[in-house]
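Listed here are the chains, written in short residue letters.
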Amino acid sequence: MADGDSKVWSPDSWQQRPALQQPVYEDPAELGSALAQLQGLPPLVTSGEVLALRQMIADAQEGRRFLLQGGDCAEQFADCRSDVIANRLKILLQMSLVLVHGLQMPVVRVGRFAGQYAKPRSAEIETRDGVSLPSYRGDSVNRPEFTQAARRADPSRLVEAHVHSALTMNFTRALVSDGFADLHHPEYWDLAWMARSPMAADYQRMVDDIGQSLRFMETLMGQSVENASRVEFFTSHEALLLHYEQAQTRQVPRRDGWFNLSTHFPWIGMRTAALDGAHVEYFRGIRNPVAVKLGASVDPDALMRLIDALNPGDAPGRLTLITRMGAAKVEQALPPLLQAVRREGRKVLWVVDPMHGNTESTGSGLKTRRFDNIRAEVERSFELHHAAGTRLGGVHLELTGDDVTECMGGARDLSESDLARAYRSSVDPRLNYEQSLELALLIARKSREART
Ligand code: PEP
Ligand code: CO
């Protein structure tokens, strides 16, 4: 793109830049017809919701809210079921209750769901017993089975992804508006296996405490705190497949600019965050709040240029930086970034993802993460922010409300041999309900310490 054109943005201007991690579709006409269909379908979210979330992120930047973002590494079409969706909502609600209670501030709840169907992969090709096939790239692209037919990039799956996202979103909205997320009824969020948990007593104490506070407020006000006690949910996903994102990028009557209406809060993954790449080009033109994942090798100058590209006017709520350094590297990699952003007075929300820098493989080849490393990265991040004079305003987690065994450690001290019992993730290992709740308790404690 010539220099003079470099400021001209359109929903397809990313096509002039190198786009990493895109599937190869055999037949452009087949892709074109799937995209045309997507373009005609109604969106999943509204511009008003997108802007409301942006305001909440602006509040979090000022220290008035905390962001909880969590869900699957990769959603699967087969998991678009009422029990899976409800359990995931339950654990996120329980965690947010622990955070509200511990931090004494409102929590912004953002799911990694209703669109988290595309995955970046480190290898284009997977080889087994001398046979090479394209890698599985998430359910919106192909299927995980190791056959030629399953691994073909199938454009109709883009439409299927939208449909499954809409089903997930619809059920989530219905539950929330029917009172499922009402703070008066935390018993709705009880998970069958919670009673056996070592955290059950701590959690119950908080629930009772919050119930008492609500009743006290209502007695004082002489009315029910209906609106204040109902919580909201927002959605997010890695906006990896740019054709898909473009097809849901819309203008809205009586509002300026373009919105990605497939989600409230898209993010750029670590592998696709190059300054001159297609993803940064696409993201710079949409009005959604956006996030970028940052790994341990990002240098402060490169980060400042990325901030210039994505938020040149320093608009509040626009940009979130999600650091995922790993417990072993956070100490050395995080402070230079914090100092650079602080020195230049840039407005960002800092969030820690303690999952993706802490992935390892067991002897038998299973991907796992140790709870101790996840905990260490969270704790060190709070301390490093405190020392740098910046604020850690949120966490980004891979978790499930189901009773899986994918990460090691935690209160029940899951070992390598326990992993085989209930390992169900198709990509990265998730915290189970108990490990998630334990982490929420720990974040509440650590964040309080960091503020004193
Ligand atoms: C992810 O969030 O699942 C992911 C792939 O993260 P990252 O881009 O940080 O590696
Ligand atoms: Co992941």
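Residues numbered from 1 in each chain as written. Chains lettered and ligands numbered in written order. Predicted model: local features only at pLDDT ≥ 70, side-chain atom pairs only at ≥ 80, totals over all residues. Heavy atoms only, no water.

(A) Region of the structure containing the packing of helix 3 (residues 82-103) against helix 5 (residues 156-177). Contact geometry for helix 3 and helix 5: axes closest at 10 Å, N-to-C directions at 55 degrees. Between helix 3 and helix 5, the interaxial angle falls into the category oblique. The chirality of how helix 3 crosses helix 5 is right-handed. In this structure, helix 3 uses Ser82, Ile85, Ala86, Arg88 and Leu89 to contact helix 5, whose residues at the interface are Thr168, Phe171, Thr172 and Leu175. (Axes fitted to C-alpha atoms, helices over the stretch in contact; angles between N-to-C directions. Helix = DSSP H or I, 4+ residues; strand = E, 2+ residues; numbered from the N terminus. Parallel < 35°, antiparallel > 145°, perpendicular 65-115°, else oblique. Left-handed = near helix turned anticlockwise from the far one by under 90°. Contact = heavy atoms within 4.5 Å.)

(B) How the structure looks around the packing of aromatic side chains. Applying the stated criterion across every chain yields a total of five aromatic pairs. Geometrically, the ring pair formed by tryptophan 9 and tyrosine 282 is tilted, given 6.4 Å between the ring centres and 45 degrees between the ring planes. Of this pair, tryptophan 9 sits in the segment before helix 1 (28-40) while tyrosine 282 sits in helix 9 (residues 278-284), and the two are 273 residues apart along the sequence. For the pair shown, tryptophan 9 and tyrosine 282 are each scored as buried. Here the aromatic rings of tyrosine 282 and phenylalanine 283 are separated by 5.8 Å at their centres, their planes lie at 85 degrees, and the arrangement is edge-to-face. Phenylalanine 283 matches tyrosine 282 in its accessibility class, with the two residues each being buried. (Phe/Tyr/Trp six-rings, centres within 6.5 Å; stacked < 30°, edge-to-face > 60°. Buried < 20%, exposed > 50% of the residue type's maximum accessible area, 1.4 Å probe, protein only.)

(C) Inspection of the site of ligand 1 at higher detail. Every residue close to ligand 1 is listed here: Cys73, Arg112, Lys119, Pro120, Trp267, Gly269, Met270, Arg271, Lys293, Arg324, His356 and Glu398. Contacts to ligand 1 include lysine 293, whose side-chain N or O atom sits 2.8 Å from an oxygen atom. If ligand 1 stood free it would expose 300 Å²; the protein chains cover 97% of that surface. Under a 2 Å grid-point criterion requiring more than half of the atoms, the pocket assigned to ligand 1 is the second largest pocket. Within the shell around ligand 1, the residues separate by chemical class into four nonpolar, two polar and six charged. (Near = heavy atom within 4 Å. Polar contact = N/O pair within 3.5 Å; in protein donor to acceptor, adjacent residues only side chain to side chain. Areas by Shrake-Rupley, 256 points an atom, 1.4 Å probe, with all protein chains shown as cover. 1 Å grid on protein atoms, 1.4 Å probe; cavity = no way out; pocket = protein on both sides within 12 Å on 5 of 7 lines; lining within 4 Å. Sits in = over half its atoms within 2 Å of the grid points. Nonpolar A, V, L, I, M, F, W, Y, C, P; charged D, E, K, R; others polar.)

(D) Spatial organisation of helix 10 (residues 300-310). All of the buried residues in helix 10 are Leu303, Met304, Leu306, Ile307 and Leu310. Relative to the axis of helix 10, the buried residues are bounded by an arc of 160 degrees and lie together on one face. On the buried face of helix 10, the contacting elements are strand 8 (265-268), helix 9, strand 9 (290-294), strand 10 (319-323), helix 11 (330-343) and strand 11 (349-352). Between a side-chain oxygen at the N-terminus of helix 10 and the backbone nitrogen of aspartate 301 the separation is 2.9 Å; the capping residue is aspartate 299. (Arc of directions from axis to C-beta.)

(E) Just the pairing of strand 3 (residues 125-128), in detail. In terms of strand pairing, strand 3 meets strand 4 (residues 131-134) through four bridges, oriented antiparallel. Within strand 4, the position partnered with arginine 128 by the bridge is valine 131. The antiparallel pairing of strand 3 with strand 4 creates a hairpin that spans two residues between the two strands, and aspartate 129 there sits at a positive phi of about 45 degrees. (Pairing = 2+ DSSP bridges.)

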